[in-house]
Amino acid sequence: MTAPPIRAAFDLVDHHGRAVTERTYRGSWLLVQFGFTSCRVVCPRALAKLSAALDAFDPPDGLVVPLYVTVDPERDTPGVLRAYLAAGHPRFTGLTGPPERIEAAKEAFLVFARRRPDPDDPDGYAVPHTAITYLVDPDGRPAHHWPDPRSADEITADLRRLTR
Amino acid sequence: MTSTTTAAQGVGLLDREQLGHLRHWDELSRRQPNDWSLMQGKGTGQDDFGGYRFQLAYMVYGLALTHRHRLPAAPGLFRATIQRLIDKLLLPEVWLYWRDVSRGGSVFNAHLADRLHEEWDPVVRDNIMYSAYVQSCALLHDHLFADDRYAVPGSLTFRHWSFFWGGGEKRFPYDRDSLTEHLYWQMVRNGYIGIACEPNCVFQICNQPAILGFRMHDLVTGGSRADDVVAGYERAWADFGRLDAAGHYNMMLSEDSRAVRANEAPSPWVDAWCGALMNTWNREFVHEHYPSQVAAFLVPGPDGTCSVRSAPARQVMGQPVVTDTCDTGWVAAWASEMGDRATLDALLAHADRFMAPTWRDGALYYPRNDTPTDADGHRTDIEPMTGNVLLGYARLNVPDGLWGLYNRPWTAEHHAEPALVEVDRDVEVSRAEVVDGVLHARLRRETAVPGDGTVTIGRVPDGARLLVGGADVPLDGERVVVRVPDGPTVDVALLP
């Protein structure tokens, strides 16, 4: 599988409120997942799978930085992201920012996400999104991607092979 | 010994009409560049459903189905024809419409006119109604013939230059891998809902060939793009539904507004085309809905014949929409894929009685006729896509034929078996299969067309014995050229 044709670029804030770009994490592999904390099915499943893959891989500190980039910046403030990830997916760092910067990050990573009405959501909307996971190498180059159907075992095996 | 080609067993010899369709496709593939005679439809500028791209691509699909299911041991009958058809698919006359259509202006994308611009590269954005056919036809070729012809960089190049206008050469080189990669990432970018045909118009139908192409690419190169795309497609369309409120396939979705357009009329081609293709990966669903869907379109006729009722031509912006619906052909193709023999036979009987079947030098086609009905009200209207391609496709397909191509691929074992690896233009092949290790072929020399009257059997095992018309023919090496005698059919057997 060839490297994904994305620009792994963003200019956002992390869930501690610190300004970050892709350069902030140079020297580490980035595992990047887009989503939103109110997502009821896709994100919980993806984050649980990726957490399991990382648990099995058990990388040394700093080798892999898992990032969860919101596509719903209006609701996903740094505090909301921090609480959500701490409760269930503590390996991940959440990223958010102004809508135009989220749009730029989506464009760079070829992520589709669009708000639509959702009567089952307390705020009345959801943001269906692409559930692809990207791997970016320590020099900031796109290295790999996993579509949603990939299993935790496959991702663990790929991480072992690619980050060697 | 069990053969990998046993799929051919039980489907019998090709009959006269099936052989006539194959001959017609071969003849169309041999036309001089830009000789499109017999292929011109009602539409202007190749922008409708009867365009050359569809005729060329579905001849390739029909040949692929015939090779896979009926004549598996005759790659030499199909390979060069498919290559010639793909060569034609790459001609600018086939894709140059995109330079204009890319600018938008239809009722569905008029509001986007400021954003759209003239685009020469016919596969770089949208236009899945062309790009997916180039991709899937190239990959069907490489899968069926265990070949890497279209892996060569630039093997799928779109180029145009005119002495009279347009400046320098326009040249867009792709190959099976780069094109597949490009289409896949367009799918990702669109959230797997599909890639648009005309700007902003995502048709369910036109994304099915890309899925077939992804599957063939997975078979040729490894990977699971097809499964990934299907999973994403299923999830994306779950919000809209594959079917409309009346149980017909939703036709399209506007990319920007996410508004779904149902099969309102309903139009037979929408259900038939979508159902036939979607059967590749979604067989139970397609079969489940077929009976009620098709019943809405069939008109019983005399003596067991049956025709297809088209929807009235639409009026849009005060204009009648002029297009080749190809309703008859698509319903026949759909019935063949569903294994609905009764409906297929009735449709073919109607065509044979009311649509002027025409034989020329061993080739069979049904010429275009724009007259809606005869004096007694029997449908006579037929488009080149139906008369050249789809009725033949339906005759040559087998039940779940596309499903079989997708789900029961050939393995390396098949490609190691003896086969007719070259077939001259004037040789008719009505049987070619390996059964229990024995290659069986039935051949006839067609004197109405030029040729040397030979076939070449390749991959001949050591110690094999060749019988032509019951007589022993000496063998020397792993290839042998067999001269087909004039006269009636002759049976050939290669025994291990």
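Residues numbered from 1 in each chain as written. Chains lettered and ligands numbered in written order. Predicted model: local features only at pLDDT ≥ 70, side-chain atom pairs only at ≥ 80, totals over all residues.

1. Focus on the overall build of chain A
A count of helical and extended segments in chain A gives 4 helices and 9 strands. Secondary structure elements of chain A, listed N to C terminal, follow the sequence β-β-β-α-β-α-β-α-β-β-β-β-α. Scaling as 2.2 N^0.38, a compact globule of 164 residues should have a C-alpha radius of gyration of about 15 Å, and chain A matches this with 15 Å. In chain A, which comprises 164 residues, the proportion classed as buried is 40%. For chain A, contacts bridging at least 24 residues in sequence account for 68% of all contacts bridging at least 6. (Helix = DSSP H or I, 4+ residues; strand = E, 2+ residues; numbered from the N terminus. Rg over C-alpha atoms; globule rule 2.2 N^0.38 Å. Buried ≥ 20, exposed ≤ 12 C-beta atoms within 10 Å, placed from the backbone. Contact = placed C-beta atoms within 7 Å.)

2. Brief notes about the overall build of chain B
Counting its regular elements, chain B contains 16 helices and 19 strands. Against the 2.2 N^0.38 benchmark of 23 Å for 496 residues, chain B shows a C-alpha radius of gyration of 23 Å, consistent with a compact globule. Counting only C-alpha atoms, chain B reaches 70 × 55 × 50 Å along its principal axes. The contacts of chain B with a sequence gap of at least 6 include a subset with a gap of at least 24, amounting to 68%.

3. A short note on the domain arrangement of chain B
Residues and elements named next belong to chain B. Each assigned domain of chain B is listed with its residue range as follows: domain 1 (14-413) and domain 2 (422-495). One C-alpha centre belongs to domain 1, the other to domain 2; they are set 34 Å apart. Of the residues that constitute the side of domain 1 that touches domain 2, the class distribution is 7 nonpolar, 2 polar and 1 charged. (Domains from an automatic or database assignment. Nonpolar A, V, L, I, M, F, W, Y, C, P; charged D, E, K, R; others polar.)

4. Notes on the nonpolar core
Residues and elements named next belong to chain B. Formed by 179 residues in total, the largest nonpolar core has its most connected members in Val-60, Ala-74, Val-331, Ala-332, Leu-390, Leu-420 and Val-429. A domain-level breakdown of this core finds at least three residues from each of domain 1 (14-413) and domain 2 (422-495). In contact with Val-429, other than residues within four places in its own chain, are Leu-71, Ala-74, Leu-77, Leu-420, Val-423, Ala-441 and Leu-443. (Core = buried A, V, L, I, M, F, W, Y, C linked by C-beta atoms within 7 Å.)

5. A few points about the interface of chain A and chain B
Each partner contributes to the interface: chain A provides 12 residues, whereas chain B provides 13 residues. Partitioning the side of chain A that touches chain B into residue classes produces 8 nonpolar, 2 polar and 2 charged.

6. Points about unusual backbone geometry
With an omega of -10 degrees, the peptide bond between Ala-265 of chain B and Pro-266 of chain B qualifies as cis. Among the structural elements, Pro-266 of chain B can be located in the loop between strand 5 (260-261) and helix 10 (268-278). With phi around 50 degrees, Asp-58 of chain A is a residue other than glycine that occupies positive phi space. Its location among the elements puts Asp-58 of chain A in the loop between helix 1 (42-57) and strand 4 (64-70).

7. Points about helix 11 (residues 283-295) of chain B
Residue and element names in this part refer to chain B. Taking 1.5 Å per residue, 13 residues should reach 18 Å; helix 11 reaches 19 Å between its end C-alpha atoms and fits that length. The largest bend along helix 11 measures about 40 degrees and falls at His-289, with the proline Pro-291 one to four residues further on. Buried within helix 11 are the following residues: Val-286, Tyr-290, Gln-293 and Val-294. Looking at the packing, one finds that the buried side of helix 11 touches helix 10, strand 6 (298-300), helix 12 (327-338) and helix 13 (341-354). (Expected span 1.5 Å × (residues − 1). Bend = angle between axes of the 7 residues up to and from the residue.)

8. Some points on the pairing of strand 5 (residues 93-96) of chain A
Note on strand geometry: in a regular strand, side chains alternate between the two faces of the sheet. All names here are of chain A. Where burial is concerned, the two faces of strand 5 agree: the one with Thr-93 and Leu-95 and the one with Gly-94 and Thr-96 are both buried. Bridge count between strand 1 (residues 11-14) and strand 5: 2 bridges; the pairing is antiparallel. Pairing of Val-13 across the sheet is with Thr-96, part of strand 5. Alignment of strand 4 against strand 5, held across 3 bridges, turns out to be parallel. Its bridge partner being in strand 5, Leu-67 is matched across the sheet by Thr-93. (Pairing = 2+ DSSP bridges.)

9. Let's talk about the environment of Val-42 of chain A
Residue and element names in this part refer to chain A. Structurally, Val-42 can be placed in helix 1. Here the alpha-carbon distance between Val-42 and Ala-131, two residues 89 residues apart in the chain, equals 7.2 Å. Aside from chain neighbours lying at most four places away, what touches Val-42 is Gly-35 and Ala-131.

10. Observations regarding the sheet that holds strand 19 (residues 490-495) of chain B
All names here are of chain B. Spatially, 5 strands are ordered 13-14-19-16-17 in an open sheet, and the strand pairing comes out antiparallel. Of all the strands in the sheet, the pair left with one neighbour each is strand 13 (427-435) and strand 17 (471-473). Adjacent strand axes in the sheet meet at a mean angle of 20 degrees when their direction is disregarded. Bridge count between strand 13 and strand 14 (residues 438-445): 8 bridges; the pairing is antiparallel. For Val-427, the partnering residue across the bridge sits in strand 14 and is Arg-445. (Axes fitted to C-alpha atoms, helices over the stretch in contact; angles between N-to-C directions.)

11. Focus: the pairing of strand 4 of chain A
Residue and element names in this part refer to chain A. With 5 of 7 residues buried, strand 4 lies mostly within the body of the structure. Across 7 bridges, strand 3 (residues 29-35) lies against strand 4 in parallel orientation. The partner of Gly-35 across the bridge, within strand 4, is Thr-70. Once you follow strand 3 into helix 1 and on to strand 4, the crossover reads as right-handed. What joins strand 4 to strand 5 is helix 2 (residues 78-88), and the crossover it makes is right-handed. (Right-handed = clockwise from strand over helix to strand, strands pointing away.)

12. Looking at the packing of helix 12 of chain B against helix 14 (residues 384-396) of chain B
Residues and elements named next belong to chain B. At their nearest, the axes of helix 12 and helix 14 sit 8 Å apart, and the two run at 10 degrees to each other. Between helix 12 and helix 14, the crossing angle belongs to the class labelled roughly parallel. Only Met-385, Thr-386, Val-389, Leu-390, Leu-391, Tyr-393 and Ala-394 of helix 14 make contact with helix 12, whose side of the interface consists of Thr-328, Gly-329, Trp-330, Ala-332, Ala-333, Ala-335 and Ser-336. (Parallel < 35°, antiparallel > 145°, perpendicular 65-115°, else oblique.)

13. Re the sheet that holds strand 3 of chain A
Residues and elements named next belong to chain A. In space, the 7 strands of this open sheet follow the order 2-1-5-4-3-8-9, with mixed pairing throughout. What marks the edges here is a single partner per strand, and that holds for strand 2 (19-21) and strand 9 (142-146). Strand-to-strand twist across the sheet, computed as the mean angle between neighbouring axes with direction ignored, equals 35 degrees. Contacts from helix 3 (residues 99-108) reach strand 1, strand 3 and strand 4 within the one sheet, and its direction differs from that of strand 1 by about 110 degrees.

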